[in-house]
Amino acid sequence: GYWILYCQGPQADEHTPLMLRLSLLLLVGPLDALRVAVTGAGGQTGQHAFRKLLALPEFEPVGIVRSEESKAALVKSGVPADAVTVADVTDEAAIAAALAGCDALIIGTSAKPAPSGETDESTGRPIFGFPNGQPEAVDWLGQKSQIDGAKAAGAIHVVLCSSMGGTDPGNMLNALGRESLPDGSTKGGDILLWKRKAEKYLIDSGVPFTIVHPGGLLNEPGGKRQLVLGVDDERTVGERSIPREDVAEVLVQALRIPAYRGRSFDLRSMNEGEGAVTTDFAALLDELGGRDCDYSLGKMA
């Protein structure tokens, strides 16, 4: 592909000779597509991001999924088979091999809670577990392996999709999958604490990063709402929720807009029909006024 050179102002306008404009384009020269790995590409938010990248010629995306079944489902839906790789993010060697040759990485993996079928006798509420891996394994060790693999591959950018709630150790999400032991200690759960540990590891890794904390994820169409950025779980305007597709769009735009590097922020939305639909993602970042999330707040595992 080629970089397209946009000339504005007195340097070039509609009167600039066509051959001169073509010469400027040729001087910029060809540019290879950015090879971007997307983990969690068989899931929901990660798959949205993967499909968005597939539609953009400046990217050469590689979807990383956990099983052959997930790969088969993507291929059946029309995704090229050679754009999908199978690797378990909790397998350090496998994920390092999958990331070899990649220029950037979108981390879209997360431990996923599910009802265990049991009920808490004291509250009558269902007990949740993590059948496909506890947060320590997926959100800490799995993300650590991804960050290490991206760094070893010489990646120039890692975009991490995390979660709001990290400033509050008592957030109810941390209780999911947590088990009390006879000696009074606990094991399992603490998903936001493990996510926050992985975020800080990424920040300290030296790899250019963007960390996005979405609010509650909605399975609704994207591109229909005004998006809202903030830090440290604040909520001034808007809801504490956002469509997954809009989250995926921000993950992709973070790769396209250099100002998103080195930033950590929360992402929410207005209700559909409120405000103006967000289309300028550079201007969206300006809402932060230079602020980033404060990792001295809250707690890490």
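Scoring rules and cut-offs
Residues numbered from 1 in each chain as written. Predicted model: local features only at pLDDT ≥ 70, side-chain atom pairs only at ≥ 80, totals over all residues. Heavy atoms only, no water. Axes fitted to C-alpha atoms, helices over the stretch in contact; angles between N-to-C directions. Helix = DSSP H or I, 4+ residues; strand = E, 2+ residues; numbered from the N terminus. Parallel < 35°, antiparallel > 145°, perpendicular 65-115°, else oblique. Left-handed = near helix turned anticlockwise from the far one by under 90°. Contact = heavy atoms within 4.5 Å. Nonpolar A, V, L, I, M, F, W, Y, C, P; charged D, E, K, R; others polar. Core = buried A, V, L, I, M, F, W, Y, C linked by side-chain atoms within 4.5 Å. Buried < 20%, exposed > 50% of the residue type's maximum accessible area, 1.4 Å probe, protein only. pLDDT = per-residue confidence, 0-100. 1 Å grid on protein atoms, 1.4 Å probe; cavity = no way out; pocket = protein on both sides within 12 Å on 5 of 7 lines; lining within 4 Å. Points joined across faces, edges and corners; volume = space filled by probe spheres on them. Phe/Tyr/Trp six-rings, centres within 6.5 Å; stacked < 30°, edge-to-face > 60°.

### As for the packing of helix H2 (residues 45-54) against helix H7 (residues 244-256)
Angle between the axes and distance between the axes are the two parameters that describe a pair of packed helices. The geometry of H2 relative to H7 is characterised by a closest axis approach of 8 Å and an angle of 50° between their N-to-C directions. Regarding the angle of H2 to H7, the classification is oblique. The crossing of H2 and H7 is right-handed. Contacts from Thr45, His48, Ala49, Lys52 and Leu53 of H2 reach H7 at Arg244, Glu245, Val247, Ala248, Glu249, Leu251, Val252 and Leu255. Residues that form the contact of H2 with H7 fall into these classes: seven nonpolar, two polar and four charged.

### Concerning the nonpolar core
Counting residues in hydrophobic clusters, the biggest one holds 59 residues, and the most contacted among them are Val36, Ile106 and Tyr260. Of all the elements, H7 adds the most residues to this core, at seven residues. Every residue in contact with Tyr260, bar those within four places of it in the chain, is listed here: Phe209, Thr210, Val250, Gln253, Ala254, Phe265, Phe281, Leu284 and Leu285.

### Focus on the confidence of the model for the protein
Any residue range with low pLDDT should be treated as having predicted coordinates unsuitable for detailed reading. This prediction gives the protein a mean pLDDT of 90; 90% of its residues lie at or above 70. Predicted confidence for residues 1-30 stays below pLDDT 50, and this span has 19 contacts to residues more than four positions away or in other chains.

### Brief notes about the environment of Pro126
When you line up the elements, Pro126 lands in strand S6 (residues 126-129). Through-space distance from the C-alpha of Pro126 to that of Ser116 is 7.4 Å; in sequence the pair is ten residues apart. Ignoring anything within four residues of it in the chain, the contact list for Pro126 reads Glu118 and Thr119.

### What about empty space enclosed by the protein?
Where empty space is left in the structure can be found by rolling a water-sized probe over the atoms. The tally for this structure, following the rule as stated, stands at two cavities of 30 Å³ or more. Size it by volume and the largest cavity reaches roughly 50 Å³. Residues belonging to the lining of the largest cavity are distributed by class as follows: two nonpolar, five polar and four charged. Here the second largest cavity is characterised by a volume of approximately 30 Å³. Taken together, Ser162, Ser163, Gly166, Leu192, Lys195, Arg196, Glu199 and His213 make up the lining of the second largest cavity. Of all the elements, helix H6 (residues 191-205) adds the most residues to the lining of the second largest cavity, at four residues. For the lining of the second largest cavity, the per-class residue count stands at one nonpolar, four polar and three charged.

### Topic: the packing of aromatic side chains
In total, this model carries two aromatic pairs according to the counting rule given. Ring centres of Trp140 and Tyr201 lie 5.6 Å apart, and the angle between their planes is 85°; this geometry places the pair in the edge-to-face category. With a gap of 61 residues between them, Trp140 in helix H5 (residues 135-152) and Tyr201 in helix H6 connect regions that are remote in the sequence. Judged by its relative accessible area of 11%, Trp140 falls in the buried class.

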